[in-house]
Structure formats: structure tokens, C-alpha cells
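Fold and contact review
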Amino acid sequence: MAKGGVDYARDILERALGPERAQNLLTRITASLQVRPFDFMRHTDAQQILGFIQSEHPQTIALILSYLDAPQAAMIISGLPAVMQAEVARRIAKMDRITPEILREVERVLERKLSTVMGQDFTLAGGIDAVVAIINSADRTTERNIMEYLEENDPELAEEIKKRLFVFEDIIRLDDRSLQRVLREVDMKELGLALKGATEELRVKFFKNMSKRAAEMLQEDMDYMGPVRVKDVEESQQKVVNVVRSLEEAGEIVISAGGEDELVV
């Protein structure tokens with residue numbers, strides 16, 4: 001009698017790899033096929049999700065965002081009122097373990113259902129890393145709203161998040177070789193606009209890592225711009241930061257951790 005598909009596959013793998021390695025491989029394959037909570041939202045427009053959940057309790061919104069990809073969650077949290085942004089961020093950071101029952105209840109309230117239910121008793125959700133990823137992907141205004149609120153209402157959490165965030169001003173921590181790599185990827189017009197809101201120290205660092213002619217041209221472009229909107233500056237700074245983060249994720253540069261020994265006096 002022919003074996004079922006899974007049993008047949010298991011038999012073949014055990015013959016090829018041995019029982020233990022075959023079981024490990026099947027376990028990884030099975031886990032990869034499981035549907036993550038709120039998977040249906042990952043294929044839904046962020047604005048649609050925002051309109052759907054913005055009237056929900058902050059804890060409910062925090063639970064949902066903690067399961068979404070950081071860029072999508074950042075777009076959603078950016079559309080919330082400023083105080084709500086910070087409150088949701090705080091709840092994501094404070095979140096720890098959620099039972100499948102709570103997940104199912106939230107989905108019933110939202111009139112949605114997962115196609116599969118996790119077999120584990122608990123699943124990790126939220127945490128510091130989750131909220132840092134979301135804040136790092138959000139625009140500067142949202143980031144500032146969240147951090148100002150947390151600094152006032154939960155300074156310990158704010159300090160912990162600050163240690164893990166990378167913002168435009170942190171480019172000062174890059175070594176010269178890393179910054180030169182960044183400069184090869186950054187649009188000079190965006191950089192000029194970004195530097196309009198930078199400290200003199202950071203501007204000097206950029207200019208030092210450019211050719212004399214390139215630095216002069218960049219300075220001329222900045223002078224020619226005249227007054228610019230803060231929002232435009234922040235958007236350009238975010239684009240530069242995105243380049244830095246992408247290069248770090250690709251392993252092409254290293255961002256050193258902050259510390260007292262790295263402060264410039």
C-alpha cells in the first residue's frame with residue numbers, strides 16, 4: 001500500500017539523512033508553512049488597516065502592529081494621533097507573551113479569522129526590538145512624538161529605546177570608511193537638504209569625507225536652497241538614514257554602539 005505524502009517524505013528523508021536530521025528538517029518546513037497571526041493584514045494597504053483599527057484600544061493596536069512588518073507598522077502608527085502613537089509604542093515595548101486565545105479573541109473582534117492556529121502555548125509578541133524597528137521605519141515627526149512622550153511618561157523605557165535607535169545625528173558615529181561608502185549611495189540633492197538641519201560638526205564630518213570639489217558643490221547647493229521646510233529636511237534625513245541601515249543590514253558597514261567613550265567633547 002502506498003504511503004501518504006508526509007509519511008512517504010519522512011521515509012525518504014530518514015533514509016537519506018537519518019531519523020534525527022530528517023525530523024529537524026521536517027519541523028523547520030512545517031513551521032515555515034504555518035500562518036502567522038494577522039497574516040492577512042500584511043497584504044492589505046496600510047491606510048486601509050489604519051482606518052480599520054484606529055478606533056480600537058491602544059493595546060489591541062499594539063498587538064496587531066507587533067506582528068506586522070516594521071515598514072508597514074510604521075506607516076500605520078504614523079497615521080495615529082501623536083499621543084496614541086506614543087501610547088501604542090509603549091505598549092508594544094512592554095508586551096511580552098500572548099496566548100493564542102487572546103489572539104483569536106482580537107481577530108474575532110476584528111471579524112477576521114486565521115487559517116491556522118499556532119500549536120504553541122505562547123508566542124512572543126512585541127518587545128523593545130519590535131518598537132525600535134517600527135520607530136526606525138517611521139518618519140521623524142512620528143519618532144519625535146513617541147520619544148518626547150516616553151521621555152516624560154516612561155523615561156527608563158525611552159532611554160532603553162534610545163540606545164537601540166539610529167537617527168540622522170548618529171551618523172557622527174560612523175567611521176570615515178563607512179561614511180564614504182554611504183556617500184556613494186546617497187543622492188547629493190537629498191544629502192544637501194538633509195544637512196540643512198544638521199549640526200556644524202556633522203556637516204564637517206560629511207565634507208571631510210568628500211573631495212574638495214564635491215564638498216564645495218554641495219555647500220553651494222545648500223546655500224542656493226535658502227530657507228527650507230523642516231518637514232522636507234526630516235524626510236531627506238530619513239532617506240539618508242535608510243541608506244545607512246540598508247548598508248548595515250547588507251554587512252557593508254558597521255554602526256558602532258553608543259557609549260560615553262564615544263562622546264565628542
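1. Section: the packing of aromatic side chains
- Counted under the stated rule, the structure contains one aromatic pair.
- Relative to F206, the ring of F168 has its centre 6.3 Å away and its plane inclined at 15 degrees; by these criteria the two rings are stacked. Of the two residues, F168 sits in the loop between α10 (155-164) and α11 (176-183) while F206 sits in helix α13 (residues 200-208), which places them 38 residues apart along the sequence. As far as the burial class goes, F168 and F206 line up, both buried.

2. As for the nonpolar core
- Grouped together as the largest cluster of nonpolar side chains are 38 residues, with contacts concentrated most on L65, I76, I77, V88, I92, V131 and I161.
- Taken together, the elements giving at least two residues each to this core come down to α3 (46-53), α4 (58-67), α5 (70-78), α6 (82-94), α7 (100-109), α8 (128-137), α9 (140-153) and α10.
- Not counting residues within four places of it along the chain, the set of residues in contact with I161 comprises V131, V132, I135, M147 and L150.
- Residues A194, A215, V240 and V243 belong to the second largest nonpolar core, which totals 26 residues.

3. As for the environment of I146
- With respect to the helices and strands, the residue I146 is situated in helix α9.
- Ignoring anything within four residues of it in the chain, the contact list for I146 reads I77, Q85, A86, A89 and I135.

4. Topic: the side chain of K205
- One can find K205 in helix α13.
- Apart from the residues lying within four places of it in its own chain, the contact partners of K205 are I171, I172, L174, D176 and L179.

5. Let's talk about the confidence of the model for the protein chain
- Scored by pLDDT, the protein chain has a mean of 78; 74% of the residues are at 70 or more.
- Low pLDDT, under 50, characterises residues 111-122; the predicted model gives this stretch 24 contacts beyond four residues in sequence or across chains.
- Of the regions scoring below 50 in pLDDT, residues 258-265 engages in four contacts with residues more than four places distant in sequence or in other chains.

6. Observations regarding the environment of Y67
- Positionally, Y67 belongs in helix α4.
- A C-alpha to C-alpha distance of 7.5 Å links Y67 and G126, two positions 59 residues apart in sequence.

7. Topic: the packing of α3 against α5
- One can describe the packing of α3 onto α5 by two numbers: an axis separation of 9 Å at closest approach and a directional angle of 50 degrees. One way to sum up the angle between α3 and α5 is to call them oblique. Handedness of the α3/α5 crossing: right-handed. On α5, the residues that touch A46, I49, L50 and I53 of α3 are Q72, M75 and I76.

8. Concerning the pattern of salt bridges
- A full pass over the atoms with the stated rule returns 13 salt bridges.
- The salt bridge involving D154 is made with K94; its shortest N-O contact spans 3.4 Å. Of the two residues, D154 sits in the loop between α9 and α10 while K94 sits in helix α6, which places them 60 residues apart along the sequence.
- Accessibility expressed as a relative area gives 13% for D154, which makes it buried.
- The salt bridge involving K162 is made with E151; its shortest N-O contact spans 2.8 Å. Taken together, the residues K162 in helix α10 and E151 in helix α9 connect sequence positions 11 residues apart.
- Take K162: its relative accessible area is 41%, and that puts it in the partly exposed class.
- Three or more residues joined by partner-sharing salt bridges are found here, namely E87, R90 and R91.

Definitions and limits used
- Residues numbered from 1 in each chain as written.
- Predicted model: local features only at pLDDT ≥ 70, side-chain atom pairs only at ≥ 80, totals over all residues.
- Heavy atoms only, no water.
- Phe/Tyr/Trp six-rings, centres within 6.5 Å; stacked < 30°, edge-to-face > 60°.
- Helix = DSSP H or I, 4+ residues; strand = E, 2+ residues; numbered from the N terminus.
- Buried < 20%, exposed > 50% of the residue type's maximum accessible area, 1.4 Å probe, protein only.
- Core = buried A, V, L, I, M, F, W, Y, C linked by side-chain atoms within 4.5 Å.
- Contact = heavy atoms within 4.5 Å.
- pLDDT = per-residue confidence, 0-100.
- Axes fitted to C-alpha atoms, helices over the stretch in contact; angles between N-to-C directions.
- Parallel < 35°, antiparallel > 145°, perpendicular 65-115°, else oblique.
- Left-handed = near helix turned anticlockwise from the far one by under 90°.
- Salt bridge = Lys/Arg side-chain N within 4 Å of Asp/Glu carboxyl O.

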